[in-house]
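Close look at the chain arrangement
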Amino acid sequence: MVFLQTGDWHLGKIFYEHSLIEDQTYFLQQIQKELEKERNNGTPYDALVVSGDIYDRAVPPPDAVTLFSSFLYNVHTEFPELEMFFISGNHDSPDRLSFASELLLYEKVHICTDVKKIAEPVIVGKGDEKAAVYQIPFLTPGVLPAEKTDEILRSQQDLTAKALSIIKEAHKKNYAELPSVISAHL
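The following refers to the structure shown. (Residues numbered from 1 in each chain as written. Predicted model: local features only at pLDDT ≥ 70, side-chain atom pairs only at ≥ 80, totals over all residues. Heavy atoms only, no water.)

1. Overview of the sheet that holds strand β9 (residues 180-184)
For the record, the criterion: Two strands form a pair only when DSSP identifies at least two bridges running between them. Numbering of helices and strands runs from the N terminus, with a helix taken as a DSSP run of H or I at least four residues long and a strand as a DSSP run of E at least two residues long. Orientation is described by axes fitted as lines to C-alpha atoms, over the contacting stretch for helices, and by angles from 0 to 180 degrees between their N-to-C directions. For this analysis, residues touch if any pair of their heavy atoms sits within 4.5 Å.
The three strands lie next to each other as β7-β8-β9, forming an open sheet whose pairing is mixed. Lying at the two open borders of the sheet, with one neighbouring strand each, are β7 (122-126) and β9. Across the sheet, the mean angle separating the axes of adjacent strands is 25° when strand polarity is ignored. Here helix α5 (residues 156-174) sits on the sheet in contact with β8 (129-136) and β9, set at roughly 150° to β8.

Structure follows, in structure tokens:
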């Protein structure tokens, strides 16, 4: 199984009052070319994993949203079997990024912004070659339950350790026979 992993796109970033959307368009075209190259070599990617910070800010500019939408459309049209995974990072608005995520599941686009779903993997692959893919969006204090009822997990280290514990327990219980892949924005 072969995954292409990337992250921190920061679509819509403005650098010294200059939009980087042209450069970001080129970058996304390079991802598509990489997917095409490997497909043409007979070793297509099974998944594209984007580990957060899709956008540069919680309310991205319209051209960034349009660019991301076009990228999803173009990649899905060209590579309909490709599983695509996106998680929210600290720059993304989970609510905005998750727009239409339930509908996109049917097109193999998996957007995880809800920490309550970290123990629910997406099973990718065919036949004997399968894996359980877990996604951990950016974790903020208080989103995960602590061992003690009056304690709030605050540090990224504590939050990550708790998230991994939750995933390990669920994986062992439900998918122990499958290898696991975890995408996180830490």
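2. A few points about the sheet that holds strand β5 (residues 83-87)
The four strands lie next to each other as β1-β4-β5-β6, forming an open sheet whose pairing is parallel. The outermost strands of the open sheet, each flanked by one partner alone, are β1 (3-6) and β6 (109-112). Neighbour to neighbour, the strand axes of the sheet diverge by 15° on average, direction disregarded. Examined bridge by bridge, strand β4 (residues 47-50) and β5 share four bridges and lie parallel to one another. Across the sheet, residue Val-50 finds its bridge partner in β5, namely Phe-86. Set on the sheet, helix α1 (residues 21-40) makes contact with β1 and β4; between it and β1 the angle comes to about 165°.

3. Re the pattern of salt bridges
Which entries qualify depends on this criterion: Note on definitions: salt bridges are taken to be side-chain nitrogens of Lys or Arg within 4 Å of carboxyl oxygens of Asp or Glu. Burial classes: relative accessible area under 20% of the type maximum marks a residue as buried, over 50% as exposed, and values in between as partly exposed (1.4 Å probe, protein chains only).
Going through the model one piece at a time under the given rule, you end up with five salt bridges. Lys-37 serves as the salt-bridge partner of Glu-34, at 3.3 Å between the closest nitrogen and oxygen. One end of the pair, Glu-34, and the other, Lys-37, are both in helix α1, three residues apart, so they sit about a helical turn from each other. Taking the shortest distance from any N to any O, the salt bridge between Lys-126 and Glu-81 comes out at 4.0 Å. Here Glu-81 lies in the loop between α2 (62-78) and β5 and Lys-126 lies in strand β7, a separation of 45 residues in the sequence. Here the two residues Lys-126 and Glu-81 agree in accessibility, since each one is exposed. What you see here is one network of salt bridges that share partners, running through Glu-34, Lys-37 and Glu-38.

4. Brief notes about α2
What counts here: One less than the number of residues in a helix, times 1.5 Å, gives the span that helix is expected to have. Here the arc refers to the directions that run from the helix axis out to each C-beta atom.
For α2, with 17 residues, the first-to-last C-alpha span of 24 Å sits near the 24 Å given by 1.5 Å per residue. Among the residues of α2, those classed as buried are Ala-64, Leu-67, Phe-68, Phe-71, Leu-72, Val-75 and His-76. For α2, the arc enclosing every buried residue in end-on projection is 150°, short of the 170-degree limit, so these residues lie on one face. The outward face of α2, more than 90 degrees from its buried face, is lined by the exposed residues Pro-62 and Tyr-73. Residues of α2 that are buried sit in contact with α1, β4, β5, α3 (94-97) and β6.

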